[in-house]
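What follows is each chain in one-letter form.
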Amino acid sequence: MQLLRILFTGLLLLLAPLPALAYDVLVLQSMHEKGYDEAVTGFRRECRASMRKVVLSDYAEADVKRITREEHPRLIVAVGDRALEMAQKQSGTPVLYMMALQPRPSNGTTGVGMLLDPSRYLAVFDALGARRVGVLYDPALSGAYLKRAQAAASRGVTDLVLREVHAAKETPAMLQSLRGKVDAIWMLPDPTAVSPASTEAYFLFSQGEMVPVVTFADVYLSMGGAVALTIDRFDIGRQLGEMAQRVLDGTPMEAIPAEPPRRVVTKSNDGVVRRLKANLGTGGR
Amino acid sequence: MRKKYRLSPYAKSFRFRLYLIFTGTIALLTAAFASFYVMTEIKGYRSNLEREGRLLATILSQNARLPLFAENRDALTLLAEGTARYPSVLAVSISNADGRFVVETGNSKERPGDAIEMVVEITSPGQLFSPESVLLGHVSVDEERVIGRVHLRLDTSGARERLIRLVAASLAIGTLFWILVSLLCYQILKRVTASFNMLMGGIEEIGSGNLSARVDLDGDDELGRAANAINAMAASLELRELENLSLQEELLKAMKLEVQEEKKRVMARLIHTNKMTSLGLLLSSMAHEINNPNASIRFSGHMIGKMWADVVPLLDGVWQEEGEFYLGGVPFQTARGALAENAAKIVENSERIARVVQGLRDYGVGGGSQLRQRLEINAAVSAALSVLACQMKRDVQLNTCLGTGIPVIAGSQQQIEQVLINLILNAMQAFADGRGEVTLSTRYDSAAAEVVVEVKDNGTGISAETMGRLFEPFYSTKLERGGSGLGLYISQFIVAEHGGRLQLSSVLGQGTLARVALPTAADPSMRSMVAAKDGQHPSDALHEVG
């Protein structure tokens, strides 16, 4: 029944002429997801332009090109990696993205990423007094981010001890290789370095080596993480809304670079921090 | 022959049986508790072993999660060997999700068929997601993913050794416990059953006849009360026995007295028989002595009568010729009739004397053939009165009241006349001053089928002392006036011979009533037979004295 309704709605969208539904922003959302919905809500708060939202998971195969050709939106907002990929298949309309973990930069595409600026993490490590920070990463996924991090670290006192992992099962061994060599561990949102099966290896290492783990989500605090720098999805939406408004106001896309999330929520596991004898400064933006 | 086994008295005793039951029950309970204890211990040991094994396997699975994920065989081997070092672990192996064994370690002491197999899954935490999911804010759910399995083989030989130790210890402790409790039971039973033994000893002694024995048992319990009850019963029995002895002595005394009384009665009967024998001889002698002169008198009477009959015509001629003349001072005409009458009376009375004498002889020799004669009671009364006519006193008034319709009965009229003469004479002699009234009456009592003759006087009556001896022979209150003491004795004999009864009732100072009741229906011979059959001599007095 649900499938029939979706097919029927899709048929109407594809076949029926919709001249009366002219709008400025086409919001392409990868799927119905709480995080995506929060970001879209933030976007709507900042951007007052008319918009149409299409959730790709509702359709068997959404033809974004045809939609843009027939409906002429002035801007496409892609929410999620899949939506970004679909939006980048057309070329006539500028694309703003958010909530995409692996955005591929291209012309006419900009947005707000999900990875915090490395300097935020480095500030935390500074606050923790960690000089040597171990990082596991997949060069294919997080190589660019690590380069920025290293650049930022080189400006400070923090020394990043990098270990490359090419498969999830390498993570425990790589962590073991950091034994006695680091003062803290930086857990990146890298799917290879941080897989469900290997996640606890970080915290076992932290427990064994008595080094704090600084991670990207507060869910890891309950497992033994010391500090978590988490993104604010609603604020990312608002950040992208401001960016869209500038595009709609005529600012050329080239003038608007991709930005990391501007708001960071810092949370810590006080018990772990106390046990690791680390001093954490007041967090926040 | 079937041999019969007998238990010794001790084996049959209450104490032994109770002891047997107690010790048997304790032995059973001890065995049951020991078995239960051993089984529980073994079960608990096995359960602990399994729990320990599961714990080890769980710890190993937790520790092996990351090495298995990282396929770090060395780390897994290290972990497996660490677990296999536990004494209860025979073998440890770890397999991945595909079931392929990554690590296998064994223990040299493994024995096939004597182990517990245990498998624990190695799971990755389900609440963890990929970084994308975490960044998108996915809600975590408890869904674990199996990435491998830990196989543990546990040694159960310890359980067998423990079982042997437990059984041995339980047997030793149980036996010791049984012995101690049995000894305790014996002591307790000895104290408890001592009262029973005392009670039984007392009962047996009393039962053997020693009623003065007592159960020496104090206490308010059931046995004490039983002992008191038995003592009371024994005392009661002793008292009864003493009473019985006393009664026996009294009975013996009474029997001795009765024998003496009976002896006296027998002696009296012997004396009576002797008297009767003497009387019979006397009567026979008297009859002989009387009959001879009496025959002469009767003959003389006949002769006088006949001679007078021949003389009368001659004297009539004289009278007619010469007129009146006197014979013995009596005018001829008066003497003519009186002489003939007196001659007839001489003959009649002589015949009567002959019959009386004959009757006495019959009594003396036991004759009784006359009882089959026809007897009219009124005729007997008239005859008796005619006999007594000359002895009638002027001051005594004789009233007769003869009933009618009195049936004729079988009997001797002459004997009944004799009875009536005796009774009338007694009545006429019952007046102190010689004046009085005698009433003679006859009637038929149809209800009793008896002919009744009553002779009643209003004389002095009979004293109670005399009343008791009236029917004794030779007993008379008128011996000095010519009484023989045989009248009533003979009369009651005659009445008894006729199957009747002679009753005398008297009130002192008011008079006496003599009643003769003769049955009409019954055969007198039968009466005598019945009387003899009942152990009563026909001559015994069938009289009543009232």
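Reading guide: rules and limits
- Residues numbered from 1 in each chain as written.
- Chains lettered and ligands numbered in written order.
- Predicted model: local features only at pLDDT ≥ 70, side-chain atom pairs only at ≥ 80, totals over all residues.
- Heavy atoms only, no water.
- Helix = DSSP H or I, 4+ residues; strand = E, 2+ residues; numbered from the N terminus.
- Buried < 20%, exposed > 50% of the residue type's maximum accessible area, 1.4 Å probe, protein only.
- Contact = heavy atoms within 4.5 Å.
- Polar contact = N/O pair within 3.5 Å; in protein donor to acceptor, adjacent residues only side chain to side chain.
- Phe/Tyr/Trp six-rings, centres within 6.5 Å; stacked < 30°, edge-to-face > 60°.
- Patch = residues over 30% accessible without salt bridge, like charges linked within 9 Å, V, L, I, M, F, W, Y side chains within 5 Å.
- Areas by Shrake-Rupley, 256 points an atom, 1.4 Å probe, with all protein chains shown as cover.
- Salt bridge = Lys/Arg side-chain N within 4 Å of Asp/Glu carboxyl O.
- pLDDT = per-residue confidence, 0-100.
- Buried area = accessible area lost by both parts, 1.4 Å probe.
- Nonpolar A, V, L, I, M, F, W, Y, C, P; charged D, E, K, R; others polar.
- Axes fitted to C-alpha atoms, helices over the stretch in contact; angles between N-to-C directions.
- Parallel < 35°, antiparallel > 145°, perpendicular 65-115°, else oblique.
- Left-handed = near helix turned anticlockwise from the far one by under 90°.
- Core = buried A, V, L, I, M, F, W, Y, C linked by side-chain atoms within 4.5 Å.
- Pairing = 2+ DSSP bridges.
- Arc of directions from axis to C-beta.

Draft legend 1. Quick look at the overall build of chain A. A tally of regular secondary structure across chain A gives ten helices and eleven strands. Here chain A holds 285 residues, and 49% of them are scored as buried. Sequence-distant contacts in chain A: of pairs separated by 6 or more residues, those separated by 24 or more amount to 69%.

Draft legend 2. Representation of the environment of Asn96 of chain B. All names here are of chain B. Looking at the element boundaries, Asn96 is found in strand β1 (residues 89-96). The spacing of Asn96 and Ile122 is 26 residues in sequence and 8.5 Å in space, taken between C-alpha atoms. Here Asp98 takes part through its backbone nitrogen, which lies 3.0 Å from a polar atom of the side chain of Asn96.

Draft legend 3. Molecular detail of the packing of aromatic side chains. Evaluated as defined, the whole model comprises seven aromatic pairs over all chains. The interplanar angle of 65 degrees and the centroid separation of 6.0 Å between the aromatic rings of Tyr145 of chain A and Trp186 of chain A together place this pair among those described as edge-to-face. A residue pair is termed long-range when its members are at least 10 positions apart, and Tyr145 of chain A in helix α6 (residues 139-154) and Trp186 of chain A in strand β8 (residues 184-186) qualify at 41 residues. Across this residue pair, the class does not change: Tyr145 of chain A and Trp186 of chain A are buried. Plain terms: the ring middles of Tyr19 of chain B and Tyr186 of chain B are 5.7 Å apart, the flat faces sit at 80 degrees to each other, and that makes the pair edge-to-face. Placement of the pair is Tyr19 of chain B in helix α2 (residues 14-63) and Tyr186 of chain B in helix α6 (residues 157-207), with a sequence separation of 167 residues. For Tyr186 of chain B, a relative accessible area of 27% corresponds to the partly exposed category. By way of ring pairs, the aromatic residues Tyr121, Phe125, Tyr145 and Trp186 of chain A are connected into one cluster.

Draft legend 4. A look at a nonpolar patch on the surface. Residue and element names in this part refer to chain B. A cluster of nonpolar side chains, namely Val266, Met267, Leu270 and Ile271, defines an oily patch on the protein surface of about 350 Å² accessible area. With respect to the helices and strands, the residue Met267 is situated in helix α7 (residues 222-322). Judged by relative accessible area, Met267 falls into the partly exposed class, the value being 44%.

Draft legend 5. Representation of the confidence of the model for chain B in the model. Residues and elements named next belong to chain B. With 86% of its residues at a pLDDT of 70 or more, chain B shows a mean pLDDT of 81. The lowest-confidence element of chain B is helix α13 (residues 524-533), averaging 40 in pLDDT; the highest-confidence one is strand β11 (residues 450-457), averaging 94. Scored below 50 in pLDDT, residues 523-546 shows 39 contacts in the model against residues more than four places distant or in partner chains. Two numbers describe this predicted complex: its pTM, 0.49, and its ipTM, 0.76.

Draft legend 6. Local environment of the interface of chain B and chain A. Taken residue by residue, the interface counts 18 residues in chain B and 29 residues in chain A. With both chains or domains summed, chain B and chain A bury close to 2100 Å², and 71% of this area falls on carbon and sulfur atoms. For the pair chain B and chain A, the interface holds two salt bridges. Residue Glu200 of chain A is joined to Arg65 of chain B by a salt bridge in which the shortest nitrogen-to-oxygen separation is 2.3 Å. Seen at the junction of chain B and chain A, the total is three residue pairs in polar contact (both at pLDDT 80 or more). Elements with a contribution of two residues or more to the side of chain B that touches chain A: α3 (65-69) and α5 (131-136) of chain B. In terms of residues, the side of chain B that touches chain A owes the most to one element, α5 of chain B, which gives five residues. Classifying every residue of the side of chain B that touches chain A gives ten nonpolar, four polar and four charged.

Draft legend 7. The environment of Gly129 of chain A, seen in detail. Note on placement: Gly129 of chain A falls in the loop between α5 (118-128) and β6 (132-137). Sequence separation of Gly129 of chain A and Thr158 of chain A is 29 residues, and the distance between their C-alpha atoms is 9.1 Å.

Draft legend 8. Quick peek at the packing of helix α9 (residues 377-388) of chain B against helix α10 (residues 413-428) of chain B. Residues and elements named next belong to chain B. Contact pair α9 / α10: the axes reach a minimum separation of 8 Å and the direction vectors enclose 55 degrees. Classified by the angle their axes make, α9 and α10 are oblique. Where α9 crosses over α10, the two elements pack in a sense that is right-handed. Taken together, the residues of α10 that come into contact with α9 (itself represented by Ile377, Ala379, Ala380, Val381, Ala383, Ala384, Leu385, Val387 and Leu388) are Gln413, Ile416, Glu417, Leu420, Ile421, Ile424 and Leu425.

Draft legend 9. Inspection of the pattern of salt bridges at higher detail. Residue and element names in this part refer to chain A. For the coordinates displayed, the defined rule picks out 26 salt bridges over all chains. Of the charged contacts, one joins Arg262 and Glu242 as a salt bridge, the two residues approaching to 2.8 Å between their closest N and O atoms. Of this pair, Arg262 sits in the loop between α9 (233-248) and β11 (264-268) while Glu242 sits in helix α9, placing them 20 residues apart in sequence. Each of the salt bridges in this network shares a partner with another, and the network as a whole consists of Asp235, Glu242 and Arg262.

Draft legend 10. The arrangement of the nonpolar core in detail. The biggest cluster of nonpolar side chains holds 77 residues, and the ones touching the most others in it are Val25, Phe43, Val77, Met98 and Trp186 of chain A. Top contributing element to this core by residue count: α9 of chain A, with six residues. Look past the residues within four positions of Met98 of chain A in its chain and what remains in contact with it is Ala39, Val40, Phe43, Val77, Ala78, Val79, Gly80, Val112, Ile236, Gly237 and Leu240 of chain A. By size, the runner-up hydrophobic cluster in this structure holds 42 residues, among which are Ala380, Ile424, Met467 and Leu504 of chain B.

Draft legend 11. Structural detail: the sheet that holds strand β2 (residues 101-106) of chain B. Residue and element names in this part refer to chain B. Taken in spatial order, the four strands of this open sheet run β2-β1-β4-β3, and their pairing is antiparallel. Of all strands in the sheet, those with a lone pairing partner are β2 and β3 (115-124), marking the two edges. Ignoring which end each strand starts from, the neighbouring axes of this sheet average 15 degrees apart. Pairing analysis gives ten bridges linking β3 to strand β4 (residues 145-155), with the strands arranged antiparallel. Counterpart to Val120 in the pairing with β4 is Val150. Contacting β1, β3 and β4, α2 crosses the sheet at an angle of about 30 degrees to β3.

Draft legend 12. Representation of the environment of Arg355 of chain B. All names here are of chain B. Inspection of the secondary structure assignment puts Arg355 in helix α8 (residues 332-365). On the basis of relative accessibility, which here comes to 39%, the residue Arg355 falls in the partly exposed class. Each C-alpha atom of the pair Arg355 and Gln414 lies 7.9 Å from the other, and the pair is 59 residues apart in sequence.

Draft legend 13. Structural detail: the pairing of β11 of chain B. Residues and elements named next belong to chain B. Across the eight residues of β11, seven count as buried, placing the element largely inside the fold. Judged from the eight bridges that link them, strand β10 (residues 436-445) and β11 form a sheet pairing that is antiparallel. Directly across from Thr442, in β11, lies its bridge partner Val453. Between β10 and β11, which pair antiparallel in sequence order, lie four residues; one of them, Ala449, sits at a positive phi of approximately 55 degrees. Relative to strand β13 (residues 511-519), β11 runs antiparallel, the two sharing eight bridges.

Draft legend 14. The arrangement of α5 of chain A in detail. All names here are of chain A. Among the residues of α5, Pro118, Tyr121, Leu122, Val124, Phe125 and Leu128 are the ones counted as buried. Here the buried residues of α5 occupy an arc of 155 degrees about the axis, which is enough to place them on one side. Immediately downstream of α5, the backbone of Gly129 shows phi near 80 degrees, a positive value.

Draft legend 15. Representation of the sheet that holds β8 of chain A. All names here are of chain A. Spatial strand order, β7-β6-β8-β9-β10-β11: six strands in an open sheet with mixed pairing. Both edges of this open sheet fall to β7 (159-164) and β11, since each of them pairs with a single strand only. Strand-to-strand twist of the sheet, defined as the mean angle between neighbouring strand axes without regard to direction, takes the value 20 degrees. Running over the sheet, α6 touches β6, β7 and β8 and is turned about 165 degrees from β7.

Draft legend 16. Focus on the pairing of β2 of chain B. Residue and element names in this part refer to chain B. The sheet contact formed by β1 and β2 spans five bridges and is antiparallel. For Ala91, the partnering residue across the bridge sits in β2 and is Gly106. Between β1 and β2, which pair antiparallel one after the other, the connecting turn spans four residues, and Gly99 there sits at a positive phi close to 90 degrees.

Draft legend 17. Structural view of the confidence of the model for chain A. All names here are of chain A. On average, chain A scores 86 in pLDDT, and the residues at 70 or more come to 90%. A low-confidence stretch, residues 16-20 (pLDDT under 50), is modelled with three contacts involving residues beyond four sequence positions or located in other chains. This stretch, residues 278-285, has a pLDDT under 50; its non-local contacts, to residues over four places away or in other chains, come to 17 contacts.

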